[in-house]
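Architecture at a glance
Residues per chain are reported as follows:
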Amino acid sequence: MREWTYSPVTEEVVRDLESLVGRRNVATDREKLLSYSYDQVPRFSWDEEYCAEVVVFPETTDHVSAIMGYANRHRIPVTPRGAGTGLSGGAVPFKGGIVLSFEKMRHILELDERNLTITVEPGVVTSEITKAAQNAGLLYAGDPCSGDASFIGGNVAENAGGNKVVKYGTTGSSVLALEAVLPDGTVTWFGGKRRKDATGYDFAHLVVGSEGTLAVVTKIILKLQPLPGKVVDLLVPFPDVRTAIDFAPRVMREGKVVPSSMEFLDGKSIRLAERFLNCTLPHDDAGAHLIIQLEGNDPEVLADDVERVGDLCFAGGALEVFVADNRTTRDKLWKARKCLAEAIMAFYPKYSLEDLVVPTSEIPNLLAETTRLAAKYGVEEANFGHVGDGNVHVNILFPEEREGWHETLDALLDELYTATADMGGTLSGEHGIGLKRQKYMCRVMDRAQMDLIWRVKLAFDPNNILNPGKMISCPGRDD
Ligand SMILES: Cc1cc2nc3c(=O)[nH]c(=O)nc-3n(C[C@H](O)[C@H](O)[C@H](O)COP(=O)(O)OP(=O)(O)OC[C@H]3O[C@@H](n4cnc5c(N)ncnc54)[C@H](O)[C@@H]3O)c2cc1C
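Here's what I pulled together on the structure shown here. Quick caveat, the model's predicted, so the values are computed rather than measured. (Residues numbered from 1 in each chain as written. Predicted model: local features only at pLDDT ≥ 70, side-chain atom pairs only at ≥ 80, totals over all residues. Heavy atoms only, no water.)

Notes on the site of the ligand
What counts, and what does not: The rule for a residue being near a molecule or strand is that one of its heavy atoms must lie within 4 Å of it. Whenever two N or O atoms come within 3.5 Å, that pair is a polar contact, provided that in protein one can donate a hydrogen and the other can accept it, and provided that, for residues adjacent in sequence, both atoms are side-chain atoms. Note on areas: Shrake-Rupley, 1.4 Å probe, and residue coverage restricted to the protein chains presented here. Every helix listed is a DSSP run of H or I at least four residues long, and every strand listed is a run of E at least two residues long, numbered separately from the N terminus. Gly is put with the polar residues, along with every residue not named as nonpolar or charged; the nonpolar set is Ala, Val, Leu, Ile, Met, Phe, Trp, Tyr, Cys and Pro, and the charged set is Asp, Glu, Lys and Arg.
Neighbouring the ligand are 35 residues, the closest being P80, G82, T85, G86 and S146. A distance of 2.6 Å separates an oxygen atom of the ligand from a polar atom in the side chain of T85. For the ligand, a nitrogen atom lies 3.1 Å from a polar atom in the side chain of E430. Summarising the interface, the protein chains cover 97% of the accessible area of the ligand, which totals 980 Å² for the free molecule. Going through the elements one at a time, β3 (78-81), α5 (152-158) and β10 (216-223) are the ones with two or more residues in the shell around the ligand. Considering each element in turn, the shell around the ligand owes the most residues, five residues, to α5. Partitioning the shell around the ligand into residue classes produces 15 nonpolar, 16 polar and four charged.

Listed below in structure tokens is the structure:
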């Protein structure tokens with residue numbers, strides 16, 4: 001068994017890094033190091049403090065290449081970092097070393113209307129891509145709830161999902177090509193502006209979702225779509241969770257439309273949103289709400305779709321169907337949906353935000369199991385998520401400080417992940433494994449798959465310097 005040993009970041013290393021990227025792009029003051037050492041997984045989740053030894057802010061691909069080449073020669077760990085909105089501890093510098101922050105590589109390089117692509121640097125905020133596409137009458141379909149803060153490089157590394165996956169797929173579905181810097185500093189392109197490619201392995205989509213463990217992404221070519229002419233959101237309260245979830249697949253099966261979003265919030269989530277936003281939402285006494293978004297170009301066809309889906313909702317047990325067809329009402333609705341993670345962070349002293357995904361038919365069973373476990377362990381639950389994709393954010397909440405909360409949470413999660421696996425589900429639909437779920441990988445993967453992941457990792461990164469300790473650990477070798 002090989003032990004991984006890394007070199008510390010000495011003053012000499014800092015001087016070398018400064019000579020590679022300029023002094024203004026290197027930070028070593030303690031406050032800054034700490035602020036670049038965490039993402040949105042709360043610090044109380046970790047048993048120890050993880051801290052970068054140096055933060056570097058590359059401005060170009062050449063900078064990234066020089067840093068990686070240097071780090072590889074000197075065996076210094078490197079953790080790429082986007083906006084730090086991750087919910088799996090992916091950007092936490094588990095082994096110290098260099099944090100590579102992409103906030104200065106934030107340019108939209110090209111919008112190609114002939115090929116319907118946009119080429120961006122990894123530090124561009126997701127919603128800026130949406131806006132740039134919209135200004136050209138086009139749609140960038142990536143839409144995570146964190147889109148006003150997260151970077152596209154982080155979205156690619158996590159294969160972020162969000163609210164439009166049911167129709168357009170995850171971030172990876174929009175990725176056509178990546179410029180990648182390999183851990184030894186080599187720069188290469190995976191993919192291109194072409195829509196099809198059957199030439200060799202699909203490395204671009206291997207790097208998508210690899211959580212910064214295989215290569216550093218320095219440019220991204222994304223696919224754009226036609227921008228729909230009109231969008232309507234339906235807010236549909238149901239008496240209880242099971243009725244809402246059982247109804248959801250009927251929108252596609254009987255309504256014969258693919259909604260661009262189909263989101264679910266349980267009653268507790270609705271009330272959390274109201275408290276956080278200090279507002280009142282319609283029918284806040286309901287057991288569950290669905291948000292169903294329909295879009296189209298022909299107003300008459302869209303009106304027909306809305307009417308048909310609305311009728312179906314009533315037939316499926318809905319208490320009411322509220323139609324939001326203007327910007328103000330739609331924004332209010334989505335604000336409520338998008339604030340939920342922040343509301344939990346604000347109101348609960350200890351919590352765990354989960355990201356389970358099961359075949360959609362299993363969602364009621366998953367939620368029933370969550371309720372059973374919450375009662376067994378004496379905690380609260382609030383559940384919401386992307387019901388169209390089977391991706392449920394089960395959230396385990398401790399309403400007050402409790403001795404031994406960490407052990408309670410570990411035991412509960414172990415049971416929950418095992419039950420999820422038994423339903424044909426898995427640990428994460430969009431937030432990734434990172435540091436948070438790594439120890440549970442064996443619940444959903446056999447040894448053969450984990451060995452394969454490890455061998456792929458070593459093929460890219462033989463010295464294990466790139467984001468070591470994330471996603472999977474090789475016992476005795478990685479930590
Ligand atoms: C309120 C809230 C709502 C959220 N809603 C959603 C949602 O709806 N859908 C969803 O999918 N996620 C959601 N998230 C999670 C998070 O926003 C996403 O995972 C996002 O993609 C992370 O982007 P980031 O720029 O913050 O990346 P970071 O957290 O900084 O990093 C994430 C991972 O990407 C790697 N990385 C970053 N940049 C690069 C690069 N250039 N090259 C290689 N690796 C890199 C890092 O090493 C790390 O492993 C939410 C988070 C919050 C706090």
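Observations concerning helix α14 (residues 340-347)
Worth spelling out the cut-off: Between buried and exposed lies partly exposed: a residue is buried under 20% and exposed over 50% of the maximum accessible area for its type, with that area taken using a 1.4 Å probe on protein chains only. Throughout, the arc means the angular range of directions from the helix axis out to the C-beta atoms. Contacts are residue-level and defined by heavy atoms, with any inter-residue pair within 4.5 Å sufficient.
For α14, the set of buried residues is L340, A343 and I344. Seen from one end, α14 has its buried residues packed into an arc of 100°, which puts them on one side. Buried residues along α14 sit against β13 (261-266), α11 (267-277), α13 (327-338), β16 (350-353), β18 (380-386) and β19 (391-398).

With respect to the pattern of salt bridges
Opposite charge on two side chains permits them to pair, given that their charged atoms come into close proximity. How we decide: Any carboxyl oxygen of Asp or Glu that lies within 4 Å of a side-chain nitrogen of Lys or Arg is treated as forming a salt bridge with it.
According to the stated counting rule, one finds 26 salt bridges in the structure shown. With a shortest N-O distance of 3.3 Å, R253 and E254 are connected by a salt bridge. Owing to a relative accessible area of 52%, R253 belongs among the exposed residues under this scheme. Among the charged side chains, a network of salt bridges with common partners joins E369, R372, K376 and E415.

A few points about the pairing of strand β4 (residues 98-101)
Applicable threshold: A pair of strands is treated as paired once DSSP finds two or more bridges between them.
Both faces of β4 are covered, namely the face carrying I98 and L100 and the face carrying V99 and S101. With three bridges joining them, strand β2 (residues 54-56) and β4 adopt parallel strand pairing. Bridge assignment links V56 to a residue of β4, and that residue is L100. Sheet analysis places β3 next to β4, joined by four bridges and oriented parallel. Following the sheet pairing, V78 is matched in β4 by I98.

Side note on the pairing of β19
With eight of eight residues buried, β19 lies mostly within the body of the structure. With burial as the criterion, each face of β19 is covered, one bearing N391, H393, N395 and L397 and the other bearing V392, V394, I396 and F398. Summarising the sheet, β16 and β19 pair through four bridges and their orientation is antiparallel. Among the inter-strand pairings, Y351 is bridged to a residue of β19, identified as L397. Pairing of strand β17 (residues 356-357) with β19 involves two bridges; the strand directions are antiparallel. Residue pairing for β19: L356 is matched across the bridge by V392. Here β18 pairs with β19 via seven bridges, running antiparallel. Along β19, the bridge assignment pairs H386 with N391. Hairpin connection between β18 and β19: a loop of four residues separates the two successive antiparallel strands, and G390 in this loop has a positive phi of roughly 75°.

Re a negative patch on the surface
To be explicit about the condition: Surface patches are drawn from residues lacking salt bridges whose relative accessible area is over 30%; two like charges belong together within 9 Å, two nonpolar side chains (Val, Leu, Ile, Met, Phe, Trp, Tyr) within 5 Å. For the purpose of counting charges, residues Lys and Arg are taken to be positive, whereas Asp and Glu are taken to be negative. His and the chain ends are not included. Where a charge lies is defined by one atom per residue type: Lys uses NZ, Arg uses CZ, Asp uses CG and Glu uses CD.
A contiguous patch of negative charge, built from D298, E300, D304, E307 and D311, is present on the exposed surface. Along the chain, D304 turns up in helix α12 (residues 299-315). For D304, a relative accessible area of 48% translates into the label partly exposed.

Topic: the packing of aromatic side chains
Note the cut-off: Put simply, two rings from Phe, Tyr or Trp (the six-membered ring, in Trp's case) pair if the centres are within 6.5 Å, and we call them stacked under 30 degrees between planes, edge-to-face over 60, tilted for the rest.
Under the criterion given, the structure shown has 13 aromatic pairs. When the ring of F203 is compared with that of F460, the centres are 6.0 Å apart and the planes differ by 80°; the resulting orientation is edge-to-face. On the criterion of sequence distance, the pair formed by F203 in helix α8 (residues 203-207) and F460 in helix α18 (residues 447-460) is long-range, its members being 257 residues apart. Classification of F460 as buried rests on a relative accessible area of 15%. Three or more aromatic residues joined by ring pairs form one cluster here, namely F44, Y351, F398 and W405.

Details of the sheet that holds strand β5 (residues 108-112)
Worth spelling out the cut-off: Every angle, taken between N-to-C directions, lies between 0 and 180 degrees, and every axis is a line fitted to C-alpha atoms, over only the stretch in contact when it is a helix.
Pairing in this open sheet of five strands is antiparallel, and the strands run β5-β6-β10-β8-β9 from one edge to the other. On the outer flanks of this sheet lie β5 and β9 (187-191), each paired with one strand and no other. In this sheet, adjacent strand axes meet at a mean angle of 15° when their direction is disregarded. Alignment of strand β8 (residues 175-181) against β9, held across five bridges, turns out to be antiparallel. In the strand pairing of β9, E179 is matched with W189. Against the sheet, helix α4 (residues 126-135) touches β5, β6 (117-120) and β10, its axis set at about 35° to β5.

Thoughts on the nonpolar core
To be explicit about the condition: We call a set of buried Ala, Val, Leu, Ile, Met, Phe, Trp, Tyr and Cys residues a nonpolar core when their side-chain atoms join them within 4.5 Å. The start and end points of each domain follow an automatic or database-based domain assignment.
L290 and I292 are the most contacted members of the largest nonpolar core, which totals 78 residues. Here this core gets seven residues from one element, more than from any other, and that element is helix α16 (residues 405-422). When we break this core down by domain, the ones giving at least three residues each are domain 2 (230-338) and domain 3 (348-434). When neighbours within four sequence positions are excluded, I292 is seen to be in contact with V232, D233, L234, V236, F247, V251, P259, S261, M262, V309 and C313. Grouped together as the second largest cluster of nonpolar side chains are 23 residues, V124, I129, Y140 and A180 included.

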